[in-house]
Amino acid sequence: MTRAKLFEQIKAKNTCLCIGLDTDLLKIPRHLLESSDPLFEFNKQIIDATHQYCVAYKPNIAFYEALGPKGWQSLQRTMEYIPKDIFTIADAKRGDIGNTSALYARAFFEELNFDAVTVTPYMGEDSVKPFLRDNKWVILLAHTSNAGSSDFQNMKLSTGRKLYEEVILKSQQWGTPDQLMYVVGATQPEKIHGIRSLAPEHFFLVPGIGAQGGDMDMVLRNGMNKQCGLLINSARAIIYASDGENFAKRAGEEALKLQQEMQDHLSRVVLKNGKL
Ligand code: OMP
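The structure presented is a predicted model; accordingly, all values stated were derived computationally and were not measured.

(A) Examining the sheet that holds strand β3 (residues 87-94) more closely. Strand order in the closed barrel formed by eight strands is β1-β2-β3-β4-β5-β6-β7-β8, and the pairing between neighbours is parallel. On average, each strand axis in the sheet is inclined to that of its neighbour by 30°, with strand direction left out of account. Two strands pair when backbone bridges link them, and strand β5 (residues 137-143) and strand β6 (residues 180-184) are joined in this way by five bridges, in the parallel orientation. Within β6, the residue paired with L141 across the bridge is V183. The strands touched by helix α5 (residues 98-111) within the sheet are β3, β4 (116-119) and β5, with β3 carrying the most contacts at an inclination of about 155°.

(B) Just helix α10 (residues 216-223), in detail. Along α10, the residues that are buried comprise M216, V219, L220 and G223. Buried residues along α10 cover an arc of 100° about the axis, so they all sit on one side. At the N-terminal boundary of α10, the capping side chain belongs to D215, with an oxygen 3.2 Å from the backbone nitrogen of D217.

(C) Up close: the nonpolar core. Of all hydrophobic cores here, the largest spans 85 residues; its most connected members are I10, F87, Y182, L230, L231 and I232. Tallying contributions element by element places helix α12 (residues 247-272) first for this core, with eight residues. Beyond its immediate sequence surroundings of up to four residues, I10 is in contact with T15, C16, V55, F203, C228, L230 and L266.

(D) Quick peek at the environment of V219. Within the secondary structure, V219 sits in helix α10. For the pair V219 and G160, spaced 59 residues apart in the sequence, the C-alpha separation amounts to 26 Å. Non-local contacts of V219, meaning those with residues more than four positions away in its chain, are made with A186, P189, I192, V206, M224, L230 and I232.

(E) Structural context of helix α4 (residues 69-81). Compared with an ideal rise of 1.5 Å per residue, which puts 13 residues at 18 Å, α4 spans 19 Å between its outermost C-alpha atoms and is within 8% of the ideal. Regarding α4, the residues found buried are G71, S74, L75, T78 and M79. Summarising the axial view, the buried residues of α4 lie within an arc of 140°, below the 170-degree limit, and thus occupy one face. Counted as exposed and oriented over 90 degrees from the buried face of α4: P69, K70 and E80. The elements touched by buried residues of α4 are β1 (17-21), α2 (38-50), β2 (56-59), α3 (62-65) and β3.

(F) Fine view of the pattern of salt bridges. Taken as a whole and judged by the stated rule, the model has 15 salt bridges. The shortest N-O distance in the salt bridge between D91 and K58 comes to 2.8 Å. Residue D91 is located in strand β3, and its partner K58 is located in strand β2; the two are separated by 33 residues in the primary sequence. K58 gets classed as buried once you look at its relative accessible area, which sits at 5%. Where K93 meets D91, a salt bridge forms, and the shortest distance between an N and an O atom there is 2.8 Å. The class for K93 is partly exposed, based on a relative accessible area of 41%.

Definitions and limits used
- Residue indices begin from 1 for each chain and proceed along its sequence in written order.
- Where totals are concerned, whole chains, interfaces and linings use all residues; where local detail is concerned, this predicted model gives features only for residues with pLDDT of at least 70, and gives and counts side-chain atom pairs only at 80 or more.
- In computing side-chain values, all of the structure's heavy atoms are included and hydrogens and water are not.
- Strands are labelled as partners when DSSP assigns at least two bridges between them.
- The helix count covers DSSP runs of H or I at least four residues long, the strand count covers runs of E at least two residues long, and both are numbered beginning at the N terminus.
- Here an axis means a line fitted to C-alpha atoms, over the contact stretch when the element is a helix, while the angle between two N-to-C directions is reported on a 0 to 180 degree scale.
- Between two residues, a contact is recorded if the distance between any of their heavy atoms is within 4.5 Å.
- Each residue is assigned to one of three classes by its accessible area relative to the maximum for its type, calculated with a 1.4 Å probe on protein chains only: buried under 20%, partly exposed between the two thresholds, exposed over 50%.
- Working note: the arc is built from the helix axis to C-beta atom directions.
- By the criterion applied in these results, polar contacts are pairs of N or O atoms within 3.5 Å in which, for protein atoms, one can donate a hydrogen and the other can accept it, and in which residues neighboring in sequence qualify only through two side-chain atoms.
- What we call a nonpolar core is a set of buried Ala, Val, Leu, Ile, Met, Phe, Trp, Tyr and Cys residues that are connected through their side-chain atoms within 4.5 Å.
- To estimate the expected span of a helix, count its residues, drop one, and scale the result by 1.5 Å.
- By definition here, a salt bridge exists when the distance from a side-chain nitrogen of Lys or Arg to a carboxyl oxygen of Asp or Glu is within 4 Å.

Written as structure tokens, this is what we have:
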């Protein structure tokens, strides 16, 4: 999917919500375990209940590969079920020497037909470049939402910059804002303004609201650019809003709440830029 198409979807639906399909066999409602493919059955009902409130789905690959071949099958069926106008992100956090990265790219872009894959920058340019293609996206880990993000990402380098700042600046030489997004966690929202100034054009994938307690309002105020530039992710707070038979309905309600909060901010940006 192109950046223009993604922005069109954001405007049409008045939302920049990305729903994490972190589907855990131990957490889904018990009655679904009777189905022959519980992960897919759960995802299908979640997608039916939420697709009008979001522009992206992000299955976290760990939840599927943990189940072996059956899990991959559930993932593939989920990918086939997601409406074609919705952006899809394989949250796989891959990255290896070039020929290996090329095969990871093939797996997620060609076999599973994802629009985007999360990639770790640690091994540098030749590990990231094989993922860069037209109309496909690398989402590079920059400033993550977890407590351990400060172990390395905030280290000050001899350039005077922090490691995450260097990742953002250097990687802009590898790919364009039509191929490259950055992961920027919502749990330190005071940093978003500064990060936006390093990458004014790029989309940011922002996890960490909901279960991790990040501040969505501050992210929206400080992180948007003229094409919105944000995909704000929430997984557990939406998909596990209930563990009963009404789980999909409750997920829809939680997604709607976030969509409504986003709508006000989005209309401000879109009106300012006269694009609607
Ligand atoms: P919830 O905390 O349940 O909303 O899920 C967050 C999702 O985003 C999980 O799938 C995480 O793996 C992912 N994530 C983070 O939580 N923090 C990050 O910094 C990066 C990611 C990610 O790459 O998506």
